[in-house]
Amino acid sequence: MGQKVNPIGFRTGIMLDWKSRWYASKKDFAELLMEDKKIRDYVTKKYKFAGIPKVEIERTRDEVRVLLHAARPGVIIGRKGQQVEQLQDELQNLIGRRVNIKIEEISRPELQAHLVAEDIAEQLSKRASFRRTMKRAMETTMEAGAKGIKIELAGRLGGAEMARREKQISGSIPLSTLRANIDYGFVEAMTAQGHIGVKVWINQGMFEDDTDGADAQEGQTSKKPKRSYKR
């Protein structure tokens, strides 16, 4: 029997920080947890093409701080920051609390597993060849500086009658090594024949190898400073 675990959950609390950072009493916990889910679902659905692999949420007594990591922050910001103010108002109406939004740009989207999985799913939805799509995604990620990548597709690949799995690996993917910065993403591709599951694992190197710890967590291999936008 295969013993499988989400690589991000496996490292959370040891090498990675939690995506939601707050404390609540037992009676309030479920309500706040559902609020976090509503925020994440709303943002990722509304800004599907902004490339948002991660939404971090912090809570204080007065407000909810939402940090959006986006490959295309301009889609969210809009002209003169009007879109951010609109999104802030929408989220405040959604959860009934004061919301403060901060947007951080991802300089290397090719190294984010969720964004790579989204790109593959989009290509599959457009009836592209799944083998060619996997190969192209792997080459792009390895050229961007990844130490390894694994892609697994499951479903009616190529419109076949029977569902099956296809897997391709390039480089090294040490899943059991906690020091290894493994990013993981899962997306479903909606095709005419049914859903195809897309799983992506990307090895971004070892955590202590990078000069900056924050860069290691975000999987940034270049020393280019990250731009940050705040309202």
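First, a word on scope: everything that follows refers to the structure included in this document.

Notes on helix 6 (residues 130-143)
Next, step 1: In a regular helix each residue adds 1.5 Å, so 14 residues correspond to 20 Å; helix 6 covers 20 Å between its end C-alpha atoms and thus fits that length.
Next, step 2: Residues of helix 6 that are buried: Phe130, Thr133, Met134, Ala137, Met138 and Thr141. For helix 6, the arc enclosing every buried residue in end-on projection is 130 degrees, short of the 170-degree limit, so these residues lie on one face. Seen from the open side of helix 6, the exposed residues pointing more than 90 degrees away from its buried face are Arg132 and Glu143.
Next, step 3: Residues of helix 6 that are buried in the fold lie against helix 5 (113-125), strand 5 (148-155), strand 6 (164-171) and strand 8 (194-206).
Next, step 4: Two residues or fewer past helix 6, glycine 145 is found with a positive phi of approximately 115 degrees.

Quick look at the packing of helix 5 against helix 6
Geometrically, a packed helix pair is captured by the angle between its two axes and the distance between the axes.
Next, step 1: Interhelical geometry of helix 5 versus helix 6 gives an angle of 155 degrees and a closest axis separation of 10 Å. Regarding the angle of helix 5 to helix 6, the classification is roughly antiparallel. Relative to helix 6, the crossing made by helix 5 is right-handed. Across from Val116, Ile120, Gln123 and Leu124 in helix 5, the residues of helix 6 making contact are Phe130, Thr133, Arg136, Ala137 and Thr141.
Next, step 2: Residues belonging to the contact of helix 5 with helix 6 are distributed by class as follows: five nonpolar, three polar and one charged.

Comments concerning the pattern of salt bridges
Next, step 1: Per the counting criterion, the structure on display carries 20 salt bridges.
Next, step 2: The salt bridge involving lysine 54 is made with glutamate 56; its shortest N-O contact spans 3.7 Å.
Next, step 3: You can call glutamate 56 buried: its relative accessible area is 10%.
Next, step 4: A salt bridge links glutamate 166 to arginine 164, with the shortest nitrogen-to-oxygen separation between them at 3.6 Å.
Next, step 5: Residue glutamate 166 is classed as buried on the basis of its relative accessible area of 18%.
Next, step 6: Linked by salt bridges that have partners in common, Asp17, Arg21, Lys54, Glu56, Glu58, Glu63, Arg65 and Arg98 make up one network.

Cut-offs applied
Residues numbered from 1 in each chain as written. Predicted model: local features only at pLDDT ≥ 70, side-chain atom pairs only at ≥ 80, totals over all residues. Heavy atoms only, no water. Helix = DSSP H or I, 4+ residues; strand = E, 2+ residues; numbered from the N terminus. Expected span 1.5 Å × (residues − 1). Buried < 20%, exposed > 50% of the residue type's maximum accessible area, 1.4 Å probe, protein only. Arc of directions from axis to C-beta. Contact = heavy atoms within 4.5 Å. Axes fitted to C-alpha atoms, helices over the stretch in contact; angles between N-to-C directions. Parallel < 35°, antiparallel > 145°, perpendicular 65-115°, else oblique. Left-handed = near helix turned anticlockwise from the far one by under 90°. Nonpolar A, V, L, I, M, F, W, Y, C, P; charged D, E, K, R; others polar. Salt bridge = Lys/Arg side-chain N within 4 Å of Asp/Glu carboxyl O.

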